[in-house]
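Structural overview for review
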Amino acid sequence: MQGSARRRPFPAAAPGSPPPAGTLFPGRHGVVKGEDTFKTSPFHLDLWFYFTLQNWVLDFGRPIAMIILPLEWFPLNKPSAGDYFHMAYNVITPFLLLKLIERSPKTLPRSMIYVSIITFVMGASIHLVGDSVNHRLIFSGYQHHLSVRENPIIKNLKPETLIDSFELLYYYDEYLGHSMWYIPFFLILFIYFTGCFTPVAEESRMPVAALLLMGPSSLYYWYLVTEGQIFILYIFTFFAMMALVMHQKRKGLVLDSNGLFLFYSFIITLLLIAGWVAWLWNDKILRKKYPGVIYIPEPWAFYTLHMNNLHAAKESL
């Protein structure tokens with residue numbers, strides 16, 4: 001036909017040979033490039049730095065800000081400074097997790113990612129309410145190293161059904177909120193970890209910036225596991241990472257810089273947890289608080305038991 005040119009078809013590929021670079025494949029969630037299969041991703045210095053910074057400031061720092069700042073600024077019947085830190089954490093962390101998933105060289109299951117993010121936000125929001133009340137109770141004499149019913153300010157409440165209400169609050173804070181918060185968080189990290197493999201051995205090394213961030217990152221994960229009482233979830237995630245590394249190694253694949261950063265951070269976290277448990281192994285009061293085979297005391301329980309008493313002794317001098 002005049003005015004149009006006949007398009008030349010691509011030459012047929014030999015059976016078993018890889019498709020040409022840039023070939024598009026239809027997928028469940030859109031079109032995927034064939035060249036993305038083993039595309040290597042550089043170390044995400046910006047994202048890992050933002051993760052570490054906001055974890056330390058907005059998560060670890062929120063109860064500290066609540067205690068340090070004057071009580072007159074944030075009355076007990078209003079949200080504390082730590083609550084506003086928690087609100088910021090609930091918005092920033094899901095955004096960073098989504099950006100991390102976007103940078104994965106591997107196409108990951110979007111539906112699972114979206115459901116995990118939604119559950120994460122729900123769990124962190126539930127925890128925000130419960131944790132806010134529990135930490136405000138410190139100013140009234142609540143002691144975290146004791147159970148709800150053993151606390152002096154709780155066991156004398158009348159009627160006794162109020163104690164059940166505080167136990168329900170503790171359940172939402174320490175069990176339901178933590179589960180809905182941390183399970184999706186570690187699931188997303190593991191899903192991202194599955195795409196951190198490369199066939200190029202030279203790319204399996206970390207830059208200096210990654211080594212510098214590894215210490216603060218591992219220390220935060222230690223705090224997350226001990227304070228959140230999620231050792232079983234953490235150790236199963238770590239074992240799954242180890243199994244995946246061994247499986248991919250048989251295929252000739254090694255971890256890239258981002259995978260190494262995450263994997264080594266988890267290893268250092270395990271060593272920190274072991275040291276923490278060994279240090280407090282013979283603490284009889286904390287042993288009573290955390291009975292059973294897995295004995296991992298919470299840092300805030302240690303604070304209210306030992307450090308808070310130390311501060312009170314100094315003030316009495």
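All of these numbers come straight from a predicted model, not from anything done at the bench.

1. Thoughts on the confidence of the model for the chain
- Per-residue pLDDT for the chain averages 83, and the proportion of residues at 70 or more is 84%.
- Of the regions scoring below 50 in pLDDT, residues 1–10 engages in zero contacts with residues more than four places distant in sequence or in other chains.
- In this model, residues 310–317 is a region of pLDDT below 50 whose contacts with residues beyond four sequence positions or in other chains number one contact.

2. What to know about the environment of Ile 188
- By secondary structure assignment, the location of Ile 188 is in helix 5 (residues 161–193).
- Spatially, the C-alpha atoms of Ile 188 and Ser 116 are 7.1 Å apart, while their sequence positions differ by 72 residues.

3. Quick notes on helix 2 (residues 81–102)
- In a regular helix each residue adds 1.5 Å, so 22 residues correspond to 32 Å; helix 2 covers 32 Å between its end C-alpha atoms and thus fits that length.
- Residues Ala 81, Gly 82, Asp 83, His 86, Tyr 89, Asn 90, Thr 93, Pro 94, Leu 96, Leu 97, Leu 100 and Ile 101 constitute the buried set of helix 2.
- Summarising the contacts, the buried residues of helix 2 are in contact with helix 1 (45–68), helix 3 (110–136), helix 5 and helix 6 (208–228).
- Two or three places before Gly 82, at the opening of helix 2, Ser 80 has a side-chain oxygen 3.3 Å from that residue's backbone nitrogen.

4. Here's the deal with the UniProt feature "transmembrane region" (unreviewed entry) in the chain
- Feature annotation in UniProt places "transmembrane region" (unreviewed entry) on residues 47–69, 84–101, 113–130, 181–201, 230–247 and 259–281, given in this structure's numbering.
- End-to-end, the C-alpha atoms of residues 84–101 are 26 Å apart, and along that stretch the chain is 100% helix and 0% strand.
- Split by type, residues 181–201 is 62% helix and 10% strand. Its first and last C-alpha atoms lie 36 Å apart.

5. Topic: the side chain of Thr 226
- Assignment of secondary structure puts Thr 226 in helix 6.
- A polar atom in the side chain of Thr 226 sits 2.7 Å from the backbone oxygen of Trp 222.
- There is a polar contact of 3.3 Å between the side chain of Thr 226 and the backbone oxygen of Tyr 223.
- Ignoring anything within four residues of it in the chain, the contact list for Thr 226 reads Ile 273, Trp 276, Ile 296, Pro 297, Glu 298 and Pro 299.

Rules used throughout
Residues numbered from 1 in each chain as written. Predicted model: local features only at pLDDT ≥ 70, side-chain atom pairs only at ≥ 80, totals over all residues. Heavy atoms only, no water. pLDDT = per-residue confidence, 0-100. Contact = heavy atoms within 4.5 Å. Helix = DSSP H or I, 4+ residues; strand = E, 2+ residues; numbered from the N terminus. Expected span 1.5 Å × (residues − 1). Buried < 20%, exposed > 50% of the residue type's maximum accessible area, 1.4 Å probe, protein only. Polar contact = N/O pair within 3.5 Å; in protein donor to acceptor, adjacent residues only side chain to side chain. UniProt positions renumbered as here; feature names shortened; annotations may be inferred.

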